[in-house]
Amino acid sequence: MPVSATIRERCRAMLGPGEDIRYVFPAVAVPPPATIGFLVVVTDRSITLLSTKMFSRDEPSGVWARYPRRTRLGPIEFGSGPRIEIGGMTLEVDDEYAAVVAAADAEAFTPGDLPRDPLPDL
């Protein structure tokens, strides 16, 4: 399920001034028992991990860490679920967000691999 506009606005409030959100996806730090929920927010300038509220994994509660935009999210490791590593932490993402991780990395490292916008005037 895509991250709602309401959640994106809450994320935007925790970013630096003028940062443009490109991608947002939920993730969980593994392995248990230290499962911590995050929203990974990729902007034009940074990758920010926002911790989420304990009983609401889609609502940000604070900035956990910030990384330069040139930080790789992949490669995605598949096992019990898609996993990425960032800042020494392993994060598990839902299957539907694996393509988002790949797109975020492609945008930063191989922009020529991205398809052109079919409706650039919208």
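- Per an unreviewed UniProt entry, the chain goes by the name MmcQ/YjbR family DNA-binding protein and belongs to Microbispora hainanensis.

What to know about the environment of E9
- Relative to the helices and strands, E9 is located in helix 1 (residues 5-12).
- E9 sits in the partly exposed class, given a relative accessible area of 45%.

Digging into the environment of F55
- By the element assignment, F55 lies in the loop between strand 3 (46-53) and strand 4 (56-68).
- Distance from F55 to G37, taken between C-alpha atoms, is 9.5 Å for residues 18 residues apart in sequence.

Notes on unusual backbone geometry
- Each neighbour pair has its own omega, and for G74 with P75 the value is 10°, a cis peptide bond.
- Relative to the helices and strands, P75 is located in the loop between strand 4 and strand 5 (83-86).

What to know about the pattern of salt bridges
- Enumeration over the complete set of coordinates arrives at eight salt bridges.
- R10 serves as the salt-bridge partner of E59, at 3.8 Å between the closest nitrogen and oxygen. Here E59, found in strand 4, pairs with R10, found in helix 1; they are 49 residues apart in sequence, far enough to count as distant.
- With a closest N to O distance of 3.4 Å, E107 and R22 form a salt bridge.

What about the sheet that holds strand 6 (residues 89-92)?
- Taking strand neighbours across the sheet as the criterion, the six strands line up as 4-3-2-1-6-5 in an open arrangement whose pairing is antiparallel. One side of each edge strand has no neighbouring strand; the edge strands of this open sheet are strand 4 and strand 5. Put simply, the sheet's adjacent strands are angled 40° from each other on average, direction ignored.
- By the bridge criterion, five bridges tie strand 2 (residues 37-43) to strand 3 in an arrangement that is antiparallel. Note on strand 3: the bridge partner recorded for V42 is I47.
- Where helix 1 meets the sheet, it contacts strand 1 (21-30), strand 2, strand 3 and strand 4, and its direction lies at approximately 40° from that of strand 4.
- On top of the sheet, helix 2 (residues 98-109) reaches strand 1, strand 2 and strand 5; it is set at about 125° to strand 1, its chief contact.

Things to note about the packing of aromatic side chains
- Across all of its chains, the model carries two aromatic pairs by this definition.
- Measuring from ring centre to ring centre gives 6.4 Å for F25 and Y97, while their planes differ by 25°; the resulting arrangement is stacked. Here F25 is found in strand 1, whereas its partner Y97 is found in the loop between strand 6 and helix 2, with 72 residues between them in sequence. The same class applies to F25 and to Y97, which are both buried.
- For the ring pair F38 and W64, a centre distance of 5.2 Å and an interplane angle of 80° mean the geometry is edge-to-face. Of this pair, F38 sits in strand 2 while W64 sits in strand 4; the two residues are 26 residues apart in sequence, bridging distant segments of the chain.
- Given a relative accessible area of 0%, F38 falls into the buried group.
- The ring of F109 carries the charged tip of R72 above its face, separated from the ring centre by 3.8 Å.

Procedures and definitions
Residues numbered from 1 in each chain as written. Predicted model: local features only at pLDDT ≥ 70, side-chain atom pairs only at ≥ 80, totals over all residues. Heavy atoms only, no water. Helix = DSSP H or I, 4+ residues; strand = E, 2+ residues; numbered from the N terminus. Buried < 20%, exposed > 50% of the residue type's maximum accessible area, 1.4 Å probe, protein only. Salt bridge = Lys/Arg side-chain N within 4 Å of Asp/Glu carboxyl O. Pairing = 2+ DSSP bridges. Axes fitted to C-alpha atoms, helices over the stretch in contact; angles between N-to-C directions. Contact = heavy atoms within 4.5 Å. Phe/Tyr/Trp six-rings, centres within 6.5 Å; stacked < 30°, edge-to-face > 60°. Lys NZ or Arg CZ within 6 Å of the ring centre and 35° of its normal.

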